[in-house]
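Residues per chain, in single letters:
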Amino acid sequence: MKKFIQTIKNIYKIEELRKRIGYTLLLLVVYRLGSFVVLPGIDPEVISEFSKSMANRTDALSLLDMFSGGAFGNVSIFALGVMPYISASIVIQLLGVFVPYFRKLQMEGESGRRKMNQLTRYLTILILCIQGPAYMSSIMHQYPAAFLVSSRMYVIAATLILLGGSMFVMWLGERITDRGIGNGISLIIMIGIIARLPRALAAECISKFNSTTGSILLLVVELVVLFLVFIAAIALVQAVRKVPVQYAKRVIGNKQYGGVRQYIPLKVNAAGVMPIIFAQAIMLFPILFSRFDATRGFAAAMSNYTGIWYNLTFGILVVLFTYFYTAVTVNPTMMAENMKQNGGFIPGVKPGKATVEYLDSIMSRVTLPGSIFLALIAILPAFATICGVNNQFASFFGGTSLLILVGVVLDTLQQIESHLLMRHYDGLMKTGRLTGRSGM
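Reading the values: the criteria
- Residues numbered from 1 in each chain as written.
- Predicted model: local features only at pLDDT ≥ 70, side-chain atom pairs only at ≥ 80, totals over all residues.
- Heavy atoms only, no water.
- Helix = DSSP H or I, 4+ residues; strand = E, 2+ residues; numbered from the N terminus.
- Buried < 20%, exposed > 50% of the residue type's maximum accessible area, 1.4 Å probe, protein only.
- Areas by Shrake-Rupley, 256 points an atom, 1.4 Å probe, with all protein chains shown as cover.
- Phe/Tyr/Trp six-rings, centres within 6.5 Å; stacked < 30°, edge-to-face > 60°.
- Lys NZ or Arg CZ within 6 Å of the ring centre and 35° of its normal.
- Axes fitted to C-alpha atoms, helices over the stretch in contact; angles between N-to-C directions.
- Contact = heavy atoms within 4.5 Å.
- Nonpolar A, V, L, I, M, F, W, Y, C, P; charged D, E, K, R; others polar.
- Salt bridge = Lys/Arg side-chain N within 4 Å of Asp/Glu carboxyl O.
- 1 Å grid on protein atoms, 1.4 Å probe; cavity = no way out; pocket = protein on both sides within 12 Å on 5 of 7 lines; lining within 4 Å.
- Points joined across faces, edges and corners; volume = space filled by probe spheres on them.
- Polar contact = N/O pair within 3.5 Å; in protein donor to acceptor, adjacent residues only side chain to side chain.
- Patch = residues over 30% accessible without salt bridge, like charges linked within 9 Å, V, L, I, M, F, W, Y side chains within 5 Å.
- Parallel < 35°, antiparallel > 145°, perpendicular 65-115°, else oblique.
- Expected span 1.5 Å × (residues − 1).

**Quick word on the overall build of the protein chain**
For step 1, the next point in the chain: Looking only at helices and strands, the protein chain features 18 helices and five strands.
For step 2, the next point in the chain: Within the protein chain, the proportion of its 440 residues that are buried is 43%.
For step 3, the next point in the chain: Of the accessible surface of the protein chain, which amounts to about 23200 Å², a share of 66% is contributed by carbon and sulfur atoms.

Shown next as structure tokens:
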């Protein structure tokens with residue numbers, strides 16, 4: 001505790017860090033307040049039923065509601081949140097692998113990054129123009145009594161408000177990244193997830209104290225298991241395989257450069273949470289087969305959140321998408337070329353094709369246990385539900401929410417620690433150093 005208090009004092013002593021943290025907290029408060037501002041022309045009391053139903057769902061809509069911090073269920077001006085921007089970023093990132101033009105932009109440095117960010121914003125607006133009317137039409141179909149005004153012009157006006165709200169949230173994220181601490185978009189998603197935790201914990205406590213089979217001992221066991229799961233997730237996010245790289249000596253004038261050994265940190269979970277998001281999207285397709293009598297049983301089995309076939313298929317998809325996304329984001333050929341240009345080589349491995357094959361084989365080996373572990377984390381909420389944990393609290397035992405929480409917190413703490421170390425203060429931990437994450 002004494003070390004923690006001293007760390008807080010050190011953070012407060014650094015004026016720049018203090019201002020950055022305060023600025024970040026202020027913008028996050030603005031985002032949370034906007035999440036409760038309901039769209040004009042909608043009755044908040046009637047739409048509260050939709051908000052309550054979102055808390056007990058386990059499909060993609062509940063995922064959107066979680067990422068938006070409940071704004072999706074509240075039909076807020078921030079209802080669509082940052083998910084359109086995340087979707088656009090993923091599309092642009094994938095285009096950078098398969099389309100030569102985008103690959104060239106990635107190689108152009110800062111100017112190329114600005115162009116890709118601009119294209120991402122344009123694509124975000126296009127996605128919002130599609131999702132906005134679809135979202136409004138869905139709400140109007142389910143809760144027509146909630147709409148004080150129902151016309152085509154109202155849908156257009158509401159879509160423009162949703163578009164402006166999402167762009168404002170995206171602007172908040174960019175301001176946090178530039179002038180605050182941590183990655184703004186990731187922090188906005190994380191604060192939305194954390195906002196659900198008090199209500200979920202309270203619901204779990206009430207269910208354990210009021211039910212005949214519940215007890216405080218079961219609640220303590222659940223909290224201990226949750227703590228162990230968080231530790232396992234931290235280990236997964238931080239685990240790396242260090243590949244030694246030797247740089248040749250170069251003598252320029254009277255100075256010697258190179259001649260040192262460094263490491264390439266290959267992450268065990270280089271794909272982050274994306275495999276789980278992709279797999280969850282694929283698992284929505286079996287619902288389409290429920291319309292036909294011949295395939296209704298198959299659709300029911302593949303839509304059962306706690307069923308064995310659902311979780312087995314879900315786990316296999318997570319493993320496959322982990323390999324796919326790792327192959328897309330980690331490029332051994334580019335890594336080998338960069339090493340060759342800087343005079344580096346892996347001891348015992350020839351430069352060029354042999355280095356590419358060596359790095360690719362290592363990534364294949366470390367990705368296997370990482371993908372299996374990621375699949376186990378993905379299906380843990382289903383096991384928690386089977387063991388009697390309510391749906392709201394079970395989502396924190398694994399899946400997307402857990403990995404985002406762990407990854408964003410580690411990334412933010414790493415930035416705070418770098419500010420402390422740069423000014424010759426001790427880091428956040430007495431021993432060791434925090435390592436961040438490769439991406440969300």
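**Notes on the packing of aromatic side chains**
For step 1, the next point in the chain: In total, this model carries eight aromatic pairs according to the counting rule given.
For step 2, the next point in the chain: With centroids separated by 5.9 Å and ring planes inclined at 25 degrees, the aromatic side chains of F78 and F168 adopt a geometry described as stacked. Taken together, the residues span a long stretch of sequence, with F78 in the loop between helix 5 (71-74) and helix 6 (83-98) and F168 in helix 9 (residues 152-179) at a distance of 90 residues.
For step 3, the next point in the chain: On the accessibility criterion, F78 (5% relative accessible area) is buried.
For step 4, the next point in the chain: The exposure class of F168 is partly exposed, given its relative accessible area of 33%.
For step 5, the next point in the chain: Aromatic side chains Y310 and F314 sit 6.0 Å apart centroid to centroid with 40 degrees between the ring planes, which places their arrangement in the tilted category. A residue pair is termed a helical-turn pair when its members lie 3 or 4 positions apart in one helix, as Y310 and F314 do in helix 14 (residues 308-329) at four residues. Taken as a pair, Y310 and F314 share a single burial class, namely buried.
For step 6, the next point in the chain: Connected via pairs of aromatic rings, a cluster forms that spans Y31, F78, F168 and W171.
For step 7, the next point in the chain: The aromatic ring of Y12 is capped on one face by R18, whose charged end is 4.7 Å from the ring centroid.
For step 8, the next point in the chain: The cationic tip of K242 hangs over the ring face of Y263; the distance from NZ or CZ to the ring centre is 5.9 Å.

**Comments concerning the side chain of T367**
For step 1, the next point in the chain: Within the secondary structure layout, T367 lies in helix 16 (residues 353-386).
For step 2, the next point in the chain: Residue classification places T367 among the buried residues on the basis of a relative accessible area of 2%.

**Some points on the packing of helix 9 against helix 10 (residues 184-210)**
For step 1, the next point in the chain: It is the contact of helix 9 with helix 10, at a shortest axis distance of 7 Å, that shows an interaxial angle of 120 degrees. Across from V169, M170, L172, G173, I176 and T177 in helix 9, the residues of helix 10 making contact are G184, I185, L187 and I188.
For step 2, the next point in the chain: Looking at the contact of helix 9 with helix 10 residue by residue, the classes come out as seven nonpolar, three polar and no charged.

**Overview of the pattern of salt bridges**
For step 1, the next point in the chain: One pass over the structure, following the stated rule, counts four salt bridges.
For step 2, the next point in the chain: In this structure, E16 engages R20 in a salt bridge whose closest nitrogen and oxygen atoms are separated by 3.3 Å. Linking E16 with R20, this pair stays in helix 2 (residues 15-34), spanning four residues, or about one helical turn.
For step 3, the next point in the chain: The partner of E174 in a salt bridge is R121, and the shortest N-O contact between them spans 2.9 Å.

**A short note on empty space enclosed by the protein**
For step 1, the next point in the chain: All chains considered together, the criterion is met by two cavities of 30 Å³ or more.
For step 2, the next point in the chain: Here the second largest cavity is characterised by a volume of approximately 30 Å³.
For step 3, the next point in the chain: Surrounding the second largest cavity, A336, M339, K340, G344, F345, P351, G352 and T355 form its lining.
For step 4, the next point in the chain: Looking at the lining of the second largest cavity, the elements that each hand over two or more residues are helix 15 (332-341) and strand 5 (344-345).
For step 5, the next point in the chain: Sort the elements by how many residues they give to the lining of the second largest cavity and helix 15 lands first, with three residues.

**A word on the environment of A233**
For step 1, the next point in the chain: Its location among the elements puts A233 in helix 11 (residues 216-238).
For step 2, the next point in the chain: Residue class for A233 comes out buried when judged on its relative accessible area of 0%.
For step 3, the next point in the chain: When the C-alpha atoms of A233 and G407 are compared, they prove to be 8.9 Å apart, with 174 residues separating the residues in sequence.
For step 4, the next point in the chain: In contact with A233, not counting residues within four places along its chain, are I377, L402, L403 and V406.

**Examining the side chain of S401**
For step 1, the next point in the chain: Residue placement: S401 occurs in helix 18 (residues 399-422).
For step 2, the next point in the chain: By relative accessible area, S401 is classed as buried at 2%.
For step 3, the next point in the chain: Within the local environment of S401, its side chain forms a polar contact with the backbone oxygen of S395, the two atoms lying 2.6 Å apart.
For step 4, the next point in the chain: Excluding residues that lie within four positions of it along the chain, S401 makes contacts with M66, I193, S395 and F396.

**Here's the deal with a nonpolar patch on the surface**
For step 1, the next point in the chain: Nonpolar side chains collect at one region of the surface, where F209, I216, L217, V220, V221, V224, V225, F227, L228 and I231 lie side by side and expose about 950 Å² of accessible area between them.
For step 2, the next point in the chain: Of the residues forming the nonpolar patch, the biggest block, nine residues, is contributed by helix 11.
For step 3, the next point in the chain: On the secondary structure map, L217 appears in helix 11.

**Some remarks on the packing of helix 13 (residues 296-303) against helix 14**
What describes two packed helices is the angle between their axes and the distance between those same axes.
For step 1, the next point in the chain: Following both chains from N to C, one finds helix 13 and helix 14 inclined at 70 degrees, their axes separated by 6 Å at the closest point. Overall, the two elements helix 13 and helix 14 adopt an arrangement that is roughly perpendicular. Where helix 13 abuts helix 14, its residues A301, M302 and S303 lie against W309, Y310 and T313.
For step 2, the next point in the chain: Residue composition of the contact of helix 13 with helix 14, grouped by class: four nonpolar, two polar and no charged.

**Considerations on helix 6**
For step 1, the next point in the chain: The end-to-end C-alpha separation of helix 6 is 23 Å, in line with the 22 Å expected for 16 residues at 1.5 Å each.
For step 2, the next point in the chain: Taken as a whole, helix 6 has its buried residues at M83, P84, Y85, I86, A88, I90, I92 and G96.

**Thoughts on the environment of V37**
For step 1, the next point in the chain: Along the chain, V37 turns up in the loop between helix 2 and helix 3 (44-55).
For step 2, the next point in the chain: A residue is classified by how much of its surface remains accessible, and V37, at 39% relative accessible area, is partly exposed.
For step 3, the next point in the chain: Along the primary structure V37 and A79 are separated by 42 residues, whereas in three dimensions their C-alpha atoms are 9.6 Å apart.
For step 4, the next point in the chain: Beyond its immediate chain neighbours, meaning those up to four positions away, V37 contacts V75, S76 and I77.

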